[in-house]
Amino acid sequence: VFMDAGFGLFYYRSVGSNSNMIYGGVSVPQLFGADLTFNADTDAFQLQKIQHLYGLLGYYKFLGDGAYLEPTVWIKTTKGAEMNVQGSIRYQFPSALWIGTGAGTSGIYHFETGLNLGYGLGYPNIKIGYSYDYSFSKISTSSRSSHQFNITYSFEY
């Protein structure tokens, strides 16, 4: 067992007359890192956990009737690897549905969709969604895509 920790800061504020919001944050998972050696009956292997630095910047542009646009930029970097920058945009319809798309310097294309259950369905704190990532990268020849399902619960509405 090896204990580790993560650290992050997040900030948001209203801007403009429409209560639009800008937000940003930084985080470092695996704050301490580790060099671990695992021994099996006949084999041993090492695993080195290194710190990653993540940065996020986003903006909510409210359009009225509950609709909004949300462009974001996500930066990921770690020692010994190229910096990865991913941009995306999400549109929340005036109904419960949202859609989004994005791409990154790592060669990944992203698509997402979901439902905000607070729009007329009576569950203001719950969202459910699906996303699909497809990699055009030369590195990922064995696994070019991923499917992700998510449920989000907000403690404050």
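Quick look at the structure, then. (Residues numbered from 1 in each chain as written. Predicted model: local features only at pLDDT ≥ 70, side-chain atom pairs only at ≥ 80, totals over all residues. Heavy atoms only, no water.)

**Examining the pattern of salt bridges**
- Scanning the entire structure with this criterion turns up two salt bridges.
- Among the ionic pairs, Arg90 bridges to Glu70, the shortest N-O distance being 3.3 Å. With Arg90 in strand S7 (residues 84-92) and Glu70 in strand S6 (residues 67-78), this residue pair connects regions lying 20 residues apart in the sequence.
- For Glu70, a relative accessible area of 6% corresponds to the buried category.
- What you see here is one network of salt bridges that share partners, running through Glu70, Arg90 and Glu112. (Salt bridge = Lys/Arg side-chain N within 4 Å of Asp/Glu carboxyl O. Helix = DSSP H or I, 4+ residues; strand = E, 2+ residues; numbered from the N terminus. Buried < 20%, exposed > 50% of the residue type's maximum accessible area, 1.4 Å probe, protein only.)

**Quick look at unusual backbone geometry**
- With phi around 50°, Gln30 is a residue other than glycine that occupies positive phi space.
- Considering the arrangement of structural elements, one finds Gln30 in the loop between strand S2 (20-28) and strand S3 (34-39).
- Owing to a relative accessible area of 28%, Gln30 belongs among the partly exposed residues under this scheme.
- With a phi close to 60°, Asp65 is a non-glycine residue in the positive phi region.
- Counting through the fold element by element, Asp65 comes out in the loop between strand S5 (52-64) and S6.
- Judged by relative accessible area, Asp65 falls into the exposed class, the value being 72%.

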